[in-house]
Structures are given as structure tokens and as C-alpha cells.
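Each chain is listed here by its residues.
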Amino acid sequence: MKQASTFFLKTTLFVMGGLVLAFCIFAIPAISKGVGIEWPELAGLKYPIFIGGYMTAIPFFIALYQAFKLLSYIDKNTAFSANSVEALKYIKYCGIAMSILYLAGMPILIQIAEADDAPGAILIGLAFALTPTVVAVFAAILQKLAQNAIDIKSENDLVV
Amino acid sequence: MKQGSIIFLKIVIVFIVIVALGGMIRFPLTEGRAVNLDLFSIYWDPFIVYMYIASIPFFVGLYQAFKLLGYIGQNKVFSLSSAKALRTIKYCAIMQSILIVMAILYIRTSHNVDDDPAGFIAIGILATFISVVIATAASVFERILQNAANIKSENNLTA
């Protein structure tokens, strides 16, 4: 049961990673090319989309890798260890970095949304920008909790 | 710092509830069939009623998450009550995935021949998948919490 559930979550991480990898390989080049064709006046956005798209993928994959490591620690019954606190810290930083990068990319999205007359795209973009923040805050709380548990545990060891 | 982040996550949960409720109440009014119907007939559609009933586990799960954040704020996270909240979240997520699969099967078998339900089914499969992931994560957290609670009670016994 225990191995199965973490194995399932690990598989989920792989699926997520695969989807984003496919997005990076196929969708980002296509979008950056298509913007200039669809709206010639926005052709200058070609490179910001290209570079920004790949830059946000970096913290995403780091966070995914750290989550994978965290699941391995849980498997080994070392969820409350300095290692998992470290992994959670990286996830927190990656979440913050992703939110900042998305927010920095909002001007690009706003221009496209205006050209396409689709104000809903801005809302969806904001939702995308805020989701990593939620993940980061959650990771920060888990980090605190893991730290707490470590303190309790070491206290325990001292008493025994 | 910790209190601030808990309040932030609580606000996020309340925001999700408001958006979901708003969407659920507004959506039937925007349907094409709503044009010539009075208010009662708009909402008294079997599938819309099903949607409202099927959303119960979603809101119960959110409420439990809200409670869990409260326990974290009170430093009572390594306790039986928070393990129970996580267990309820797990059951809610399992139930939610079953309810969504049933909705998919209903749409799949009874949709209008002119309609293409592919979009609905794709979103439904995604939502089912997310529910299953949440259920699994909740069960992993539950076990970890249980472990920590045991360590803590051991601690209290020896001290």
C-alpha cells in the first residue's frame, strides 16, 4: 500500500514532466513563430516568448525533481529529515521564481490578449501566475512542520 | 511568517469556494436551453441537480482542508484530529472521482447525436485524475502525520 501510493505519485510527476517537456519541444517554438504570422505588429514578441517559455520550465523541472526526491524520502521513512526540509525549501524557491517569471511575462500576454480581443486570456494568465505562489506557501508550511517534527524527534532521542 | 502563510492559504480556499459556487449558479443561466424557461425549470434539470449533489464532496474536502490549516495554526497538526481531516479529504476525493466518472458515462451514453462530448469527457478525465492524485497525496500525508503523532505521544510518555 505504502509503496504503491508513492509510486503512483511518482508516476504522476513523470506524466506532468512529460507533458511540460512536450509543451517545451512542440508548443513553445510554434507559439513564438505563430505570433509574428498572426499579428505582424507583435513580431517583436517572438524572442521574449521563446526565452521566457524555456526559462519558466527550468524552476518547474527543478521543483518536480525535488518533489520526486521528497517522495523517495517518504518511501524510506525519512520524511522528517534535514534532506526533506532541504527539498521543500527548493520547491518553495522554485514556486516563487515561477510566479515572478510569469508575472514578468504578463505584459507579453496582455499584448496578445488585446490583439486577439480575448480579455479572458489575462485572467487565465493571472491564475497561472498565482498557482506557483500557492504551491510555494504550501511548501513553506510543510517545511516548518517537518522542522518541528525533527525537533520533536531529536528531543525524543535525547530523552531515550 | 507562518501565520501569514496560513491566512493566505485560507483565503485561497475561500476564493476557490466563491469561484466554484458562482460558476455553478451562473452556468445554467447561460445555457442555450435557459432562454425560454422560468427560473425553476432552468435549475430543475436532472444533470444540473446531479452536478449540485456531486459537488458536495468537493466542498466538504475544502472545508476539511480549511480545518487542517486551522490545526496547523494552533500547532496541533500532529494530532488525531488532523489525521482525521486528511482521511475525510481522502474519502471525499475518492467519492468525487467516482461521481465524475458517472457523469462522464452519462454524457457519453445519452448525449445528443449532434453534440460532440469530447471536450467534456477530456476535462472530466483530467478532473478524475486530479481527484485520484489528491486522494493518494492525502493518504500519504495521513500516514506521515500518524507516524509523527506516534513519535510525539511516545515523547510525552517518556518525559
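Residues numbered from 1 in each chain as written. Chains lettered and ligands numbered in written order. Predicted model: local features only at pLDDT ≥ 70, side-chain atom pairs only at ≥ 80, totals over all residues.

**Q** Account for the overall build of chain B, naming residues and giving values.
**A** Of the regular secondary structure elements, chain B holds six helices and zero strands. Listing each helix as α and each strand as β along chain B from the N terminus yields α-α-α-α-α-α. The C-alpha atoms of chain B give 20 Å as radius of gyration, which overshoots the globular expectation for 159 residues (15 Å, by more than 25%). The 159 residues of chain B split such that 23% are buried. Contacts spanning at least 24 positions in sequence make up 73% of the contacts within chain B whose residues lie at least 6 apart. (Helix = DSSP H or I, 4+ residues; strand = E, 2+ residues; numbered from the N terminus. Rg over C-alpha atoms; globule rule 2.2 N^0.38 Å. Buried ≥ 20, exposed ≤ 12 C-beta atoms within 10 Å, placed from the backbone. Contact = placed C-beta atoms within 7 Å.)

**Q** Give a detailed account of the nonpolar core, specifying residues and quantitative values.
**A** Among the nonpolar cores identified, the biggest contains 45 residues, and Leu88(A), Ile91(A), Ile141(A), Leu145(A), Ile72(B), Leu86(B) and Ile89(B) are the most heavily contacted of them. For this core, the elements supplying multiple residues, two or more each, are α2 (46–75), α3 (82–116) and α4 (120–159) of chain A together with α1 (2–30), α4 (56–73), α5 (80–110) and α6 (118–158) of chain B. Examining the composition of this core, we find that 10 residues originate from one element, α4(A), more than from any other. For Leu86(B), the residues in contact, after removing those within four places along its chain, are Leu68(B), Ala138(B), Phe141(B), Glu142(B) and Leu145(B). (Core = buried A, V, L, I, M, F, W, Y, C linked by C-beta atoms within 7 Å.)

**Q** Got a sec to walk through α4(B)? Specific residues and values, please.
**A** Residues and elements named next belong to chain B. The terminal C-alpha atoms of α4 lie 26 Å apart, and with 18 residues this matches the ideal 26 Å at 1.5 Å per residue to within 8%. Looking at α4, one finds that the buried residues are Pro57, Phe58, Gly61, Gln64, Ala65, Leu68, Leu69 and Ile72. On an axial view of α4, the arc spanned by its buried residues comes to 145 degrees, and they lie on one face. Among the residues trailing α4, Asn75 stands out with phi positive, at a value near 65 degrees. (Expected span 1.5 Å × (residues − 1). Arc of directions from axis to C-beta.)

**Q** How would you sum up the interface of chain A and chain B? Please name residues and give values.
**A** Every contact between the two is made by 23 residues of chain A and, on the other side, 23 residues of chain B. Residue assignment for the side of chain A that touches chain B shows that the elements contributing at least two residues are α1 (2–38) and α4 of chain A. Of all the elements, α4(A) adds the most residues to the side of chain A that touches chain B, at 13 residues. The class makeup of the residues in the side of chain A that touches chain B is 15 nonpolar, four polar and four charged. (Nonpolar A, V, L, I, M, F, W, Y, C, P; charged D, E, K, R; others polar.)

**Q** Which residues make up unusual backbone geometry, and what are the values?
**A** Despite not being glycine, Asp117(A) shows a phi value in the positive range, around 55 degrees. One can find Asp117(A) in the loop between α3 and α4. For Asn75(B), which is not glycine, the phi torsion reads 65 degrees and is therefore positive. Tracing the backbone shows Asn75(B) in the loop between α4 and α5.

**Q** Would you mind going over the confidence of the model for chain B in detail, with residue names and values included?
**A** Residue and element names in this part refer to chain B. Mean pLDDT over chain B works out to 87, with 97% of the residues at or above the 70 mark. Mean pLDDT values for the elements of chain B range from 80 in helix α2 (residues 39–43) up to 94 in α4. In the model output, the complex is listed with pTM 0.83 alongside ipTM 0.77. (pLDDT = per-residue confidence, 0-100.)

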